[in-house]
Amino acid sequence: MRNQKDMYAYKDSSTKINVLNYQREGEQAEDISLNIIKLTTLGKYEYEDNAIIYRTNVESRSLIDAFIRKKIPFKLLDKEYNFFEHFICKDILSYLKLSLDKSDKESFFRIINKPFRYISKVNIEKLRKNCIREDCFEKLKEIENIPPFQLKTIDKLKRDIQNLNKLSIAGAINFVLKDLGYYDYLREYASRYKLDISELEEIVEEFIESSREYNTIITFLAHVSEVEEQINISKDKDEKKGVILSTIHGVKGMEFKNVFIINCNEDNIPHASSIETNLEEERRLFYVGITRTIDNLWLSISNEIRGKNKKVSRFIEECKLNVLIKNSYDKGECVIHKTFGKGEIIYIDDKGIEIKFENGVNRSFDAVTLYNNGLIKKLV
């Protein structure tokens, strides 16, 4: 019942849709931040002309980290979101903070029964009323009528938490999750509230990923504090400059000169929870994302997200963006590979390309990865 209408493009020409392909989210964030710097230093664009959009808020974590390292200002449209405010992150951070300061009551109360260690609420409240800043473990032991088995539990927990500070940040997080029983707590939590444990595990994996760039607990905690500070700055209504970070839902009705859509992968967009029941809505959402741009569009693929290998989104294929290399190169054509040097294309199709190099070695490559990352060019 739709009325017939003629539609005309506003512009006389269009730019190429850029498809970026990375192994991990961290590499993706680093490269996109460098692209943002190039776009702004060339003088044509301001920071606020660029938007990076994603399916879910948790994906902003790696971008924020990269932007902070490179001192790129940003604005979060989902103003209340900070990945490190998730209860799982706050729990693990509390363990790490206690390893540095045994008198940190807030952290102590947060983790003392995660997992459950039979410390009663009554005894915890007695300790809470003590306003003096002292060793929380020792003050708990001083409470009257503490059972002997609990004294042993408290002593062991104190020693284990103190030892965290002697480990690398990766080792410390792993010790909290496994040796101190936090994974067991999450399994029990998921069972009690009828949650999918994989959703909680994704937060854990993202937290682990967030610590990769750091060696010690102190440097990582300093980074977490800086993230909080920068996010608070981004909430400042008077501060208008900054790259826009938002979910796709958050930018409906808005337009930007340059748009990056990250993590264009299966289970991400389309989201795993909607593939079976709401695929059309996911496709419409992807359409909303790609139509937010005025000048340039980048679609970014990460082959590994939160520790799991992911396939390229079916929407990339539906846009016919994975056959660009076949349209640009031919069998028998001479090319230069960034790593392997000069060679001749001996086979090419939509998915793969095989090149015979000057040293006589034949190598096969994924067509999308090779083309999207600019790893080969024609030999002039």
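Only a predicted model underlies this, so the values are computations on that prediction, with no experimental measurement involved.

Asks: Just give me the short version of the sheet that holds strand β10 (residues 352-357), but keep the residues and values in it.
Replies: On the basis of which strands lie adjacent, the open sheet formed by 5 strands has the order β11-β10-β9-β8-β12 and antiparallel pairing. Strand pairing shows two members of the sheet lacking a second neighbour, β11 (362-366) and β12 (376-378), which therefore form its edges. For this sheet, the mean inter-axis angle between neighbouring strands, taken without regard to orientation, is 40°. As paired elements, β10 and β11 share 5 bridges and run antiparallel to each other. The residue bridging K356 from the neighbouring strand is N362, located in β11.

Asks: Quick one: what's the story with helix α10 (residues 197-210), residue by residue and with numbers?
Replies: Spanning 14 residues, α10 covers 20 Å between terminal C-alpha atoms, matching the ideal 20 Å at 1.5 Å per step. When we look at burial in α10, the residues that qualify are L200, I203, V204, E206, F207, E209 and S210.

Asks: Which residues make up the pairing of strand β2 (residues 50-54), and what values do they have?
Replies: Most of β2 is tucked away, with 5 of its 5 residues classed as buried. Along β2, one buried face is formed by N50, I52 and Y54 and the opposite face, lined by A51 and I53, is buried too. The pairing of β2 with strand β5 (residues 256-261) spans 4 bridges and is classified as parallel. Bridging from a neighbouring strand, N50 pairs with N258 of β5. The sheet contact formed by β2 and strand β4 (residues 243-247) spans 4 bridges and is parallel. Following the sheet pairing, Y54 is matched in β4 by T247.

Asks: Any details on the side chain of R55? Residues and values, ideally.
Replies: One can find R55 in the loop between β2 and α2 (60-69). In this view, R55 contacts T247, H249, N268, I269, H271, S274, E282 and L285; residues no more than four positions away in its chain are not counted.

Asks: Run through the side chain of D160, naming residues and quoting values.
Replies: Looking at the element boundaries, D160 is found in helix α7 (residues 148-164). With near-sequence residues (within four places) excluded, D160 lies in contact with F175 and L180.

Scoring rules and cut-offs
- Residues numbered from 1 in each chain as written.
- Predicted model: local features only at pLDDT ≥ 70, side-chain atom pairs only at ≥ 80, totals over all residues.
- Heavy atoms only, no water.
- Pairing = 2+ DSSP bridges.
- Helix = DSSP H or I, 4+ residues; strand = E, 2+ residues; numbered from the N terminus.
- Axes fitted to C-alpha atoms, helices over the stretch in contact; angles between N-to-C directions.
- Expected span 1.5 Å × (residues − 1).
- Buried < 20%, exposed > 50% of the residue type's maximum accessible area, 1.4 Å probe, protein only.
- Contact = heavy atoms within 4.5 Å.

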